[in-house]
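# Chain and residue survey
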Amino acid sequence: MKVLAAMSGGVDSAVAAARAVDAGHDVVGVHLALSRMPGTLRTGSRGCCTIEDASDAWRACEKLGIPYYTWDFSERFQEEVVEDFIDEYAAGRTPNPCMRCNERIKFAALLERALALGFDAVVTGHYAKVIENDNGELELHRAADDAKDQSYVLGVLTAEQLKHSMFPLGDTPSKEMVRAEAAERGLSVAQKPDSHDICFIPDGDTRGWLEEKIDMTQGAIVDTQGDQVGTHPGAQAFTIGQRRGLAIGKPAEDGKPRFVLEIRPKENTVVVGPREMLAVDRITGIRPSWAGAPIAEEATGQWFNCHVQVRAHAEPVPGRARVTTGDVDGVSDVVWEIELDETIQGVAPGQTAVLYQGTRVLGQVTIHKSINAQRLAHV
């Protein structure tokens, strides 16, 4: 096939491209310029899409003997990922920019352009598998290496996108084997550190970054009874489950730490309480999508068993879900109701819940509401 290899400048994308070449595909490498600050330099494992990353991607393509191009997606990245991140925090929600980037940039904008140019598929260095089932339908599955599995951030992919997606690293037992293979191939990125944190906030100071983008106003920190226990510089700078940075002057009656339970951006209020009130056992999700063909229960509204994961590296929790309709900000819409057999903590509106059956990714929803074990509603 004629495939486009998305070259991030890291070891995973370089080895994925190399394996695509070995498989006999006609491979072209492309690096996505996503930053509006082209002078940005990488600092260890912080940051990505930098000058260093572009150079590393080019060197990898040179070593593999494949063409190399840079595509400027910075404007779309700014609109679809960065501005979305700001808007979500301003609304009191906690977004996942990596999910949005995969959904709107790497497997929407990039794949759309690749198909328009006559490519058959896009190859990336994600750790996940695309498997054809007995009915000839494609399914997204976890990678062989649980520690590196990235199926969670790919949960937004649709059946049509899976048809044109290739993940050559999915069956690799460990990241160490990928690095060893890169070294054997003479790829200079063999020992390059993995990037982490939010790529467009390379110093890791999300709160400081947001304070420059959102109009913050001082407001009240209240307990679950509505009594004021402190003040904050701006509700939008907080997220559910946060403990640090609250600066509460009045100690709790039981002497235990308090955590952010709820953010009310319209009132500019942050609600705090004990850790146990973070324990969630029910979730309502909006904007759902299936990673492949929907399961039979989708059409009937029946409950189906599944495991639920709410963060990229969180442990999946057993439970059940069903597709139904519900009230979403005053409008009737399709929602997924999720019940958990075990409670999980720190679930925030705006986060993504990805549903699994075994290793298969069923699909994902954006968390709209959650209810804790004591029936404290978080909106």
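Residues numbered from 1 in each chain as written. Predicted model: local features only at pLDDT ≥ 70, side-chain atom pairs only at ≥ 80, totals over all residues. Heavy atoms only, no water.

### Here we look at the packing of helix α1 (residues 11–22) against helix α6 (residues 175–184)
- Interhelical geometry of α1 versus α6 gives an angle of 65° and a closest axis separation of 10 Å. Viewed along their axes, α1 and α6 adopt a mutual orientation that is roughly perpendicular. In this structure, the crossing between α1 and α6 has a hand that is left-handed. Here Val 11, Asp 12, Val 15 and Arg 19 of α1 lie close against α6, whose contacting residues are Lys 175, Val 178, Arg 179, Glu 181 and Ala 182.
- Taken together, the residues that form the contact of α1 with α6 break down as 4 nonpolar, no polar and 5 charged. (Axes fitted to C-alpha atoms, helices over the stretch in contact; angles between N-to-C directions. Helix = DSSP H or I, 4+ residues; strand = E, 2+ residues; numbered from the N terminus. Parallel < 35°, antiparallel > 145°, perpendicular 65-115°, else oblique. Left-handed = near helix turned anticlockwise from the far one by under 90°. Contact = heavy atoms within 4.5 Å. Nonpolar A, V, L, I, M, F, W, Y, C, P; charged D, E, K, R; others polar.)

### Considering the UniProt feature "site: Interaction with tRNA" (unreviewed entry) in the chain
- UniProt annotation of "site: Interaction with tRNA" (unreviewed entry) refers to His 126 and Gln 351 when read in the numbering used here.
- Assignment of secondary structure puts His 126 in the loop between β4 (121–123) and β5 (128–132).
- Judged by its relative accessible area of 8%, His 126 is buried.
- The contacts of His 126, once residues within four sequence positions are left out, are Asn 102, Lys 106, Phe 107, Gln 150, Val 153, Leu 154, Phe 167 and Leu 169. (UniProt positions renumbered as here; feature names shortened; annotations may be inferred. Buried < 20%, exposed > 50% of the residue type's maximum accessible area, 1.4 Å probe, protein only.)

### Section: unusual backbone geometry
- Despite not being glycine, Arg 287 has its phi angle at roughly 50°, a positive value.
- By the secondary structure assignment, Arg 287 is in strand β12 (residues 280–290).
- On the basis of relative accessible area, Arg 287 is assigned to the exposed category, the value being 52%.
- At Asp 329, a residue that is not glycine, the phi angle is positive and equals roughly 55°.
- By the secondary structure assignment, Asp 329 is in the loop between β14 (317–328) and β15 (331–344).
- With a relative accessible area of 64%, Asp 329 lands in the exposed category.

### With respect to the sheet that holds strand β7 (residues 165–166)
- Read across the open sheet, the 5 strands follow the order β3-β2-β1-β4-β7; overall the sheet is parallel. Bordering the open sheet on either side are β3 (68–72) and β7, each of which pairs with just one other strand.
- Its contacts with the sheet place α1 against β1 (2–6), β2 (26–33) and β4, and it is angled at close to 165° to β1. (Pairing = 2+ DSSP bridges.)

### As for the UniProt feature "domain: tRNA-specific 2-thiouridylase MnmA-like C-terminal" (unreviewed entry) in the chain
- Under the UniProt annotation, the feature "domain: tRNA-specific 2-thiouridylase MnmA-like C-terminal" (unreviewed entry) is placed at residues 283–366.
- Along residues 283–366 the backbone is 5% helical and 63% strand, and the end-to-end C-alpha distance reaches 10 Å.

### Focus: the pattern of salt bridges
- A full pass over the atoms with the stated rule returns 26 salt bridges.
- Across the salt bridge formed by Lys 192 and Asp 53, the nearest N and O atoms sit 2.6 Å from each other. Here Asp 53 lies in helix α2 (residues 51–64) and Lys 192 lies in the loop between α6 and α7 (206–211), a separation of 139 residues in the sequence. In this pair, the class of Lys 192 matches that of Asp 53, namely buried.
- Note that Arg 104 and Glu 80 form a salt bridge whose closest N and O atoms lie 3.8 Å from each other. With a gap of 24 residues between them, Arg 104 in helix α4 (residues 97–116) and Glu 80 in helix α3 (residues 74–90) connect regions that are remote in the sequence.
- You can call Glu 80 partly exposed: its relative accessible area is 26%. (Salt bridge = Lys/Arg side-chain N within 4 Å of Asp/Glu carboxyl O.)

### Observations regarding the packing of aromatic side chains
- Here the structure, examined in full by the defined rule, presents 9 aromatic pairs.
- Taken together, a centroid distance of 5.3 Å and an interplanar angle of 80° make the contact between Phe 85 and Phe 200 edge-to-face. In this pair, Phe 85 is assigned in helix α3 and Phe 200 in the loop between α6 and α7, connecting sequence segments 115 residues apart.
- Of the residues examined, Phe 200 reaches a relative accessible area of 14% and is grouped as buried.
- Plain terms: the ring middles of Trp 290 and Phe 304 are 6.3 Å apart, the flat faces sit at 45° to each other, and that makes the pair tilted. Here Trp 290, found in strand β12, pairs with Phe 304, found in strand β13 (residues 304–309); they are 14 residues apart in sequence, far enough to count as distant. Accessibility assignment for this pair places Trp 290 and Phe 304 in one class, buried.
- Positioned above the aromatic ring of Phe 119, the side-chain terminus of Lys 2 is 4.8 Å from the ring centre. (Phe/Tyr/Trp six-rings, centres within 6.5 Å; stacked < 30°, edge-to-face > 60°. Lys NZ or Arg CZ within 6 Å of the ring centre and 35° of its normal.)

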